[in-house]
Amino acid sequence: MTWKQFFTSSIGKKLLMGLTGLFLISFLVVHCGVNAMIYFNDNGETFNHWGHFMGSNLIVRTMEIGLFAGLLLHIVQGLMLWAQNNSAKPVKYKVNDANSNSKWYSRSMGLLGTLILLFLVLHLYHFWTPSRLGGIAGIHALEETTLGAEYNNQPVHNLYAEMLVVFQQNLWVVIVYVLGVISLFWHLLHGFQSAFQTFGLNHKRYTPIIKTLGVAYSVIICLLFASMPVAMYLGWVS
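Everything numeric here is computed off the predicted structure, so don't read it as measured data. (Residues numbered from 1 in each chain as written. Predicted model: local features only at pLDDT ≥ 70, side-chain atom pairs only at ≥ 80, totals over all residues. Heavy atoms only, no water.)

**With respect to helix H9 (residues 159–168)**
Given 3.6 residues to a turn, an α-helix orients residues that are three or four positions apart in the same direction.
At step 1: The element H9 is extensively covered by neighbouring structure, given that nine of its ten residues are classed as buried.
At step 2: Residues Leu-159, Tyr-160, Ala-161, Glu-162, Met-163, Leu-164, Val-165, Val-166 and Phe-167 constitute the buried set of H9. (Buried < 20%, exposed > 50% of the residue type's maximum accessible area, 1.4 Å probe, protein only. Helix = DSSP H or I, 4+ residues; strand = E, 2+ residues; numbered from the N terminus.)

**Some words on the nonpolar core**
At step 1: By size, the foremost hydrophobic cluster in this structure holds 36 residues, and its most contacted members are Phe-47, Phe-167 and Met-232.
At step 2: Put simply, the parts of the chain that give this core at least two residues each are helix H2 (10–35), helix H7 (109–133), H9, helix H10 (171–198) and helix H11 (207–233).
At step 3: Every residue in contact with Phe-47, bar those within four places of it in the chain, is listed here: Val-34, Asn-35, Met-37, Ile-38, Leu-159, Tyr-160 and Met-163. (Core = buried A, V, L, I, M, F, W, Y, C linked by side-chain atoms within 4.5 Å. Contact = heavy atoms within 4.5 Å.)

**Some words on the environment of Val-29**
At step 1: Positionally, Val-29 belongs in helix H2.
At step 2: Considered as a pair, Val-29 and Ile-220 are 191 residues apart in the sequence and their alpha carbons are 9.9 Å apart.
At step 3: Ignoring any residue separated from it by four or fewer positions in sequence, one finds Val-29 in contact with Tyr-217 and Ile-221.

**Thoughts on the packing of aromatic side chains**
At step 1: Taken as a whole, this structure holds eight aromatic pairs when the rule is applied.
At step 2: Arranged with centres 5.1 Å apart and planes meeting at 85°, the rings of Phe-167 and Tyr-177 form a pair that is edge-to-face. A residue pair is termed long-range when its members are at least 10 positions apart, and Phe-167 in helix H9 and Tyr-177 in helix H10 qualify at ten residues. Judged on exposure class, the residue Phe-167 and its partner Tyr-177 are both buried.
At step 3: Consider the rings of Phe-185 and Trp-186, whose centres lie 5.1 Å apart with planes at 70°: the pair is edge-to-face.
At step 4: In this structure Phe-185 comes out as buried when scored by relative accessible area, which is 19%.
At step 5: Members of the aromatic cluster, each reached through a chain of ring pairs, are Phe-119, Phe-127, Phe-167 and Tyr-177. (Phe/Tyr/Trp six-rings, centres within 6.5 Å; stacked < 30°, edge-to-face > 60°.)

Quick look at the structure:
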């Protein structure tokens, strides 16, 4: 079997899903940690400092390219597996108690992944594009606030100010973000354990531990992500 045949096979696709899934799980920890710095309530100084470091450091920027590649691969492979699994059983059984065989969110990974993709497009439009490429959104944010942002004594894009503008002036954006994070929660709840299971960590001694860690990880990460737009909209941070 060639490498191409392997990675286009069902086993190969699941292996790639597991690898990219673990990579994205690690990335979310870093991303959430940096974003949570808004709770320092120091006018975004700490958040902007580390946010700009992440956006200007050569190593981090190189990893960012890998992240986008891994994310796209994860989405494509996930949709392919979802379509493949659906086409494998074109005729539904008359008696099929799906709830006894698997959780609803594990059977809905394609739908949840699509919702997360739509949320991600909105997120990139609001924050990644202006901070990396510049644009109307970033300029508007800087004009509408007196907050300044510096990195190594140089003026930089004020991402914190932009977050304030986006979330405080647009309730619908806050709602969409919260719904996106809810979709992410259900996706992670299945994906965390599934990623480890792909690599053979499916043992009666270790599986309960992995499942518990997966639940704790999903709850903490998603609560932090969901709390940020809500906190900014309600004025809990400044």
